[in-house]
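Below are the chains, spelled out letter by letter.
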Amino acid sequence: MSRVLIAGESWVTQSTHIKGVDSFTVSSYVVGVEPLRRALEGRGHQVVHLPAHLVPAEFPEDAQTLGEYDVVVLSDIGANSIQLAPQVFEQATPGRDRLAALRGWVENGGGLLMVGGYLSFTGFEAKGAYRNTVLHDVLPVELLPEDDRVELPAGAHASVTDAAHPALGGVGNDWPALLGYNRVRPRPGTEVLATIDADPLVAVGTFGSGRSAVFTSDCSPHWAPTPFCEDWDGYARVFGGLIEWLAR
């Protein structure tokens, strides 16, 4: 059993309803982590979810706190949310460099997985913003300087390049369609285990004594539609395999 921290995968949505000269706004809170949580817990892992709105105040800031976990998953949460703790952003008071702490923790043996989304990697309008942080070198891929999203409204299927690697959990080429991903480039020495439209979809590597991996599409809608994240038995095998490889 591994201890897994998933940061991100939640959001608040506001919609404005206009009826003649009157209008009102409705807000909703949405959690997208459940398919991933169920998949990992179903394989015996202990999962802690840190929702996106709590990340600025509560993301682990040192090796001791990170040491409570075997794997940290960053999913659809931008670098700003980790870097800009309330004391830094709201009070202009120096604080801890939490991305540097995460980098050091991986270098000393931790496992890091980044899952794709509008605020992962470089992200929508480059707002994911990991390329210019100290965490960039930890990832097994190079990030683009511009908006890196590739939308695939007609869907596209993964192509497995190394089915024998344990991080894929024994999944072959029969994947349901995905509706988009973040485009990245592999670093020298990176193992690309699956591609989508010839770009890396699943890639793994090492950093110091630790390991890192990326899944460049989503773990929940909209890029990961229901046939992928709810109906496909390979979903749990892929994400379970990644977590188990990262946790050694």
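All values derive from a computational prediction rather than experimental measurement.

Rules used in this analysis
Residues numbered from 1 in each chain as written. Predicted model: local features only at pLDDT ≥ 70, side-chain atom pairs only at ≥ 80, totals over all residues. Heavy atoms only, no water. Core = buried A, V, L, I, M, F, W, Y, C linked by side-chain atoms within 4.5 Å. Buried < 20%, exposed > 50% of the residue type's maximum accessible area, 1.4 Å probe, protein only. Helix = DSSP H or I, 4+ residues; strand = E, 2+ residues; numbered from the N terminus. Contact = heavy atoms within 4.5 Å. Disulfide = S-S within 2.5 Å. 1 Å grid on protein atoms, 1.4 Å probe; cavity = no way out; pocket = protein on both sides within 12 Å on 5 of 7 lines; lining within 4 Å. Points joined across faces, edges and corners; volume = space filled by probe spheres on them.

1. Considering the nonpolar core
With 42 residues, the main nonpolar core has Trp175, Phe215, Phe239 and Leu242 as its most contacted residues. Broken down by element, the residue count for this core peaks at seven residues, all from helix 8 (residues 234–246). Apart from the residues within four sequence positions on either side, Leu242 is in contact with Leu113, Ala167, Val202, Val204, Ala213 and Phe215. If you look at the next biggest cluster of nonpolar residues, it comprises 31 residues, including Trp105, Val106, Leu112 and Val184.

2. Comments concerning the state of the cysteines
Structurally, a disulfide amounts to a covalent bond that connects the sulfur atoms of two cysteines. A full pass over the atoms with the stated rule returns zero disulfides. With no disulfide partner, Cys219 has as its closest neighbouring cysteine sulfur the one in Cys229, 8.1 Å distant.

3. Details of the environment of Thr122
Mapping Thr122 onto the fold places it in the loop between strand 6 (111–115) and strand 7 (141–143). It is 6.2 Å that separates the C-alpha atoms of Thr122 and Asp147, two residues lying 25 residues apart in sequence. When residues no more than four places from it in sequence are discounted, the contact partners of Thr122 are Lys127, Gly128, Ala129, Arg131, Leu143, Leu144, Pro145, Glu146, Asp147 and Asp148.

4. Topic: the layout of surface pockets
The calculated volume of the largest pocket comes to roughly 230 Å³. Lining the largest pocket are 13 residues, with Ser10, Trp11, Asp76, Tyr118 and Leu119 positioned closest to its centre. Of the residues forming the lining of the largest pocket, the biggest block, three residues, is contributed by strand 2 (residues 10–19).

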